[in-house]
Amino acid sequence: MTVLDTAGVRVPATRPGRPLAWWGVMLVIATEGTIFIALLAAYFYTRAISNEWPQGGIKPPDLMRISIFTVVLLASSLPLFWAERAIKRGDVRALRIALAMTFVMGLVFLLHQGLEFAELEFRLNDNAYASLFIVITGLHGIHLLIGLLMSLVVQAKAARGWFTAERHDTVTVFSLYWHFVDVVWLFVFSSLYLSAHIR
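Residues numbered from 1 in each chain as written. Predicted model: local features only at pLDDT ≥ 70, side-chain atom pairs only at ≥ 80, totals over all residues. Heavy atoms only, no water.

Caption draft 1: Inspection of the overall build of the chain at higher detail. Along its length, the chain carries six helices and two strands. Start at the N end of the chain and walk to the C end: the helices and strands fall as β-β-α-α-α-α-α-α. With the C-alpha coordinates aligned to their principal axes, the bounding extent of the chain is approximately 70 × 30 × 25 Å. Out of the 199 residues in the chain, the part that is buried amounts to 41%. Residue pairs in contact within the chain that sit at least 24 positions apart in sequence constitute 75% of those at least 6 positions apart. In the chain, which carries 16 positive and 13 negative side-chain charges, the distance between the mean positions of the two groups comes to 8 Å. (Helix = DSSP H or I, 4+ residues; strand = E, 2+ residues; numbered from the N terminus. Buried < 20%, exposed > 50% of the residue type's maximum accessible area, 1.4 Å probe, protein only. Contact = heavy atoms within 4.5 Å. Lys, Arg positive; Asp, Glu negative; His and termini not counted. Charge placed at Lys NZ, Arg CZ, Asp CG, Glu CD.)

Caption draft 2: Region of the structure containing the packing of aromatic side chains. The full count for this structure, using the stated rule, is 14 aromatic pairs. Aromatic pair Phe109 and Trp185: ring centres 5.0 Å apart, planes at 75 degrees, arrangement edge-to-face. Taken together, the residues Phe109 in helix H4 (residues 92–119) and Trp185 in helix H6 (residues 169–194) connect sequence positions 76 residues apart. For the pair shown, Phe109 and Trp185 are each scored as buried. Pairing Tyr177 with Phe180 gives two aromatic rings, centres 6.4 Å apart and planes at 50 degrees, and the pair type is tilted. Of this pair, Tyr177 and Phe180 both sit in helix H6, separated by three residues, roughly a single helical turn. Across this residue pair, the class does not change: Tyr177 and Phe180 are buried. Members of the aromatic cluster, connected to one another through ring pairs, are Tyr43, Phe44, Trp53, Phe109, Phe122, Tyr129, Phe133, Trp185, Phe189 and Tyr193. (Phe/Tyr/Trp six-rings, centres within 6.5 Å; stacked < 30°, edge-to-face > 60°.)

Caption draft 3: Structural view of unusual backbone geometry. With an omega dihedral of -5 degrees, the bond running from Trp53 to Pro54 counts as a cis peptide bond. For Pro54, the location among the structural elements is in the loop between helix H1 (20–48) and helix H2 (64–75).

Caption draft 4: The environment of Ser131, seen in detail. Along the chain, Ser131 falls in helix H5 (residues 128–159). Classification of Ser131 by relative accessible area gives partly exposed; the value is 24%. Taking the C-alpha atoms as reference points, Ser131 and Tyr43, separated by 88 residues in sequence, lie 9.6 Å from one another. Those residues in contact with Ser131 that lie beyond four places of it in its chain are Leu124 and Asn125.

Caption draft 5: Quick look at the environment of Thr46. Mapped onto the elements, Thr46 comes out in helix H1. It is 37 Å that separates the C-alpha atoms of Thr46 and Ala21, two residues lying 25 residues apart in sequence. For Thr46, the residues in contact, after removing those within four places along its chain, are Trp53, Gln55, Ala128 and Leu132. A distance of 2.7 Å separates a polar side-chain atom of Thr46 from the backbone oxygen of Ala42. (Polar contact = N/O pair within 3.5 Å; in protein donor to acceptor, adjacent residues only side chain to side chain.)

Laid out in structure tokens, this is it:
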């Protein structure tokens, strides 16, 4: 079924309830969330049965620098809340500014993670701790990279005037994914970084 918009162009009629894209991203979040839960469970199980932690004389990860960048990543969700409020008012300029802010903050975190990987004193196959640390943080980094690529697409659409106060589902879906990536990092940071310093 179609209806005419304000310009007289036929567009699909809106249906009540959540859009299909919203359900799609929620399915992705549920699936990926389960993967992270399983990996963190494996981390804590391995820790529980190990005589020393981290294994192999590896030093616990430094907290100073990663704490700063954790704040940067978690704060990157704030502009997205602003972006969603702005586009609901039809303020595309504020939407574009907020999206750019989130992108830059996420990119800064990802670049730091690349530097951290380059400085690691252990390899993937050294022991179970090394494997879990690299796989979990690396998987999160991949999710963040996907989020950055999604952000570029959303920013391009915003620049071309695709979004209005009535039509902005893409912004909502992207925001959900980005917030998920941030929340997952909160658990990763608490488990792999903070808890490694607790005897």
